[in-house]
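# What the coordinates show
So you can see what is in the structure, the chains are spelled out below.
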Amino acid sequence: MSAIKVRLFDAELKTPLIPASGVWGYGDEYDFVNNEFLGAFSTKGLSIKPREGNPVPRIAETECGVLNSVGLQNVGIKCFIEEKMPKIKDLGPKIIANFFGNTEEEYMDAARSLGAVKELFALEMNVSCPNIKTGGISFGQDPKMIEKLTSEVKKQSKKPLIVKLTPNVSNIPAIAKAAEEGGADAISLINTVRGMSIDIRTGKPSLATPIGGYSGKGIKPIAVRAVYETAKAVKIPIIGMGGIYTAEDVVEFMMAGASAVQIGSAVFSDPNICETIAKDLRLYCQENKIKDLSSIVGKAL
Ligand SMILES: Cc1cc2nc3c(=O)[nH]c(=O)nc-3n(C[C@H](O)[C@H](O)[C@H](O)COP(=O)(O)O)c2cc1C
């Protein structure tokens, strides 16, 4: 597998493939999957207090992807550390803890608690959440807010900090740059795209919320564009995601500037998809005489 190894921060990932936050639970439910093919995995978004999430229905299939309004349901950081970590710490893949808050203080508390867990590889800060102190504008929509939040959170732990951006803004590179200036070690993107659908038999929205986040095949061009634009704006590594289902998709994201990728909705159709993608990536390297997959990062820039 040596051709498809990648480096992230000071570590080597066996493959560039990372199951994305929200599709891999806490890593303990996928015991039937061969972990050999995962570079890392990202946990379900964690908050200081447990959350029940939104009312159902909160998942709806569409022609080219999935709408969800799970509402960041999670067991809370204390339970994650005490009950989930012992089960996942020796699985093999590196563990990225995804977290969020509704205030700057909640983000800082979360980063401090997770930052103290020695087996965690990195923290991934989801900034697509409303800041309840500023009337609900999402942290990820305002460069000033992002720079300050990143720099405060960065002080709470020594772990590499990945800032995960929302695509629901007009200028993603400006937000990415602000995160970099705040001290982010990497950017991951994209989170889901705001969307909705209507069940024409009932005349009602498919989701109870009724607007949710759209993911899967349909968002890939939006995600590739976001990675490409961001790669031109920042020097820190980028972890790309959004509609990745095949090795060709991974190559496309890497050529756009991603050093590693996350696999989200594709896992719902095939939990073993990372194994298939990794094997196909290896073939791609053989066929194209590529000794080190990282050599294609940013080729399209
Ligand atoms: C059901 C579901 C739950 C998700 N939960 C989270 C979450 O808790 N935190 C987060 O940062 N992203 C979450 N995401 C977003 C994914 O990690 C990813 O950014 C997005 O789905 C785009 O990738 P994809 O098109 O490969 O699915 C969730 C996505 C889905 C489909």
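Residues numbered from 1 in each chain as written. Predicted model: local features only at pLDDT ≥ 70, side-chain atom pairs only at ≥ 80, totals over all residues. Heavy atoms only, no water.

Now for the layout of surface pockets. Put simply, the largest pocket is a space of about 1200 Å³. Looking at the largest pocket, it is lined by 47 residues, and the ones nearest its centre are Asn68, Leu72, Asn191, Thr192 and Gly213. Counting only elements with at least two residues in the lining of the largest pocket, the list comes to strand S6 (65-68), strand S14 (212-215) and helix H7 (266-269). If one sorts the elements of the lining of the largest pocket by residue count, S14 sits on top with 3 residues. For the lining of the largest pocket, the class distribution of residues is 16 nonpolar, 27 polar and 4 charged. In this model, the second largest pocket occupies a volume close to 150 Å³. Together, Gly22, Gly25, Tyr26, Lys44, Arg58, Val70, Gln73, Asn74 and Val75 line the second largest pocket. Across the lining of the second largest pocket, the residue classes tally to 3 nonpolar, 4 polar and 2 charged. (1 Å grid on protein atoms, 1.4 Å probe; cavity = no way out; pocket = protein on both sides within 12 Å on 5 of 7 lines; lining within 4 Å. Points joined across faces, edges and corners; volume = space filled by probe spheres on them. Helix = DSSP H or I, 4+ residues; strand = E, 2+ residues; numbered from the N terminus. Nonpolar A, V, L, I, M, F, W, Y, C, P; charged D, E, K, R; others polar.)

The next point concerns the pattern of salt bridges. Throughout the structure, instances matching the rule amount to 18 salt bridges. The residue Lys118 makes a salt bridge to Glu119 at a minimum N-O spacing of 3.6 Å. For Glu119, a relative accessible area of 34% corresponds to the partly exposed category. Across the pair Arg225 and Glu229 runs a salt bridge whose closest N-O atoms are separated by 3.2 Å. With Arg225 and Glu229 both in helix H5 (residues 220-233) and 4 residues apart, this pair spans about one turn of that helix. Taken together, the shared-partner salt bridges connect Lys177, Glu180 and Glu181 into one network. (Salt bridge = Lys/Arg side-chain N within 4 Å of Asp/Glu carboxyl O. Buried < 20%, exposed > 50% of the residue type's maximum accessible area, 1.4 Å probe, protein only.)

Here we come to the site of the ligand. Taken together, 22 residues are adjacent to the ligand, and Ser21, Lys164, Gly216, Gly243 and Ser265 come closest. Contact between the ligand and Asn126: an oxygen atom at 3.4 Å from a side-chain N or O atom of the residue. Burial of the ligand by the protein amounts to 97% of the accessible area it has alone, namely 610 Å². Given that more than half its atoms are within 2 Å of the pocket grid, the ligand belongs to the largest pocket. When grouped by side-chain class, the residues that make up the shell around the ligand number 6 nonpolar, 14 polar and 2 charged. (Near = heavy atom within 4 Å. Polar contact = N/O pair within 3.5 Å; in protein donor to acceptor, adjacent residues only side chain to side chain. Areas by Shrake-Rupley, 256 points an atom, 1.4 Å probe, with all protein chains shown as cover. Sits in = over half its atoms within 2 Å of the grid points.)

Here the focus is the state of the cysteines. Here the structure, examined in full by the defined rule, presents 0 disulfides. We note that Cys274 lacks a disulfide partner, and the nearest cysteine sulfur, in Cys285, lies 16 Å from it. In this structure Cys274 comes out as buried when scored by relative accessible area, which is 3%. (Disulfide = S-S within 2.5 Å.)

Moving on, we get to the sheet that holds strand S7 (residues 94-99). Taken in spatial order, the 8 strands line up as S3-S16-S15-S10-S9-S8-S7-S4 in an open sheet, and their pairing is parallel. Where the open sheet ends on each side, the last strands, each with one partner, are strand S3 (17-19) and strand S4 (40-42). For this sheet, the mean angle separating the axes of adjacent strands, direction not counted, is 25 degrees. Where strand S10 (residues 186-189) lies against strand S15 (residues 238-241), 3 bridges are found, and the strand directions are parallel. Considered in S15, the bridge of Ser188 is made with Ile239. The strands touched by H5 within the sheet are S10 and S15, with S15 carrying the most contacts at an inclination of about 165 degrees. (Pairing = 2+ DSSP bridges. Axes fitted to C-alpha atoms, helices over the stretch in contact; angles between N-to-C directions. Contact = heavy atoms within 4.5 Å.)

Bringing the packing of helix H4 (residues 172-181) against H5 into the picture now. In contact at an axis separation of 9 Å, H4 and H5 are set at 50 degrees when each is read in the N-to-C sense. In this view, H4 runs oblique relative to H5, as classed from their interaxial angle. Crossing hand, H4 versus H5: right-handed. Note on element contacts: H5 touches H4 through Arg225, Ala226, Glu229, Thr230 and Ala233, opposite Ile172, Pro173, Ala176, Lys177 and Glu180. (Parallel < 35°, antiparallel > 145°, perpendicular 65-115°, else oblique. Left-handed = near helix turned anticlockwise from the far one by under 90°.)

Evaluation of the coordinates by the stated rule reveals 6 aromatic pairs. Ring centres of Tyr26 and Phe80 lie 6.1 Å apart, and the angle between their planes is 45 degrees; on these two criteria the pair is classed as tilted. In this pair, Tyr26 sits in the loop between S3 and S4 while Phe80 sits in helix H1 (residues 77-88), placing the two residues 54 residues apart along the sequence. Phe80 sits in the buried class, given a relative accessible area of 0%. Measuring from centroid to centroid gives 5.0 Å for Tyr107 and Phe139, while their planes differ by 80 degrees, and the two rings are edge-to-face. Here Phe139 lies in the loop between strand S8 (122-126) and helix H3 (143-154) and Tyr107 lies in helix H2 (residues 104-115), a separation of 32 residues in the sequence. (Phe/Tyr/Trp six-rings, centres within 6.5 Å; stacked < 30°, edge-to-face > 60°.)

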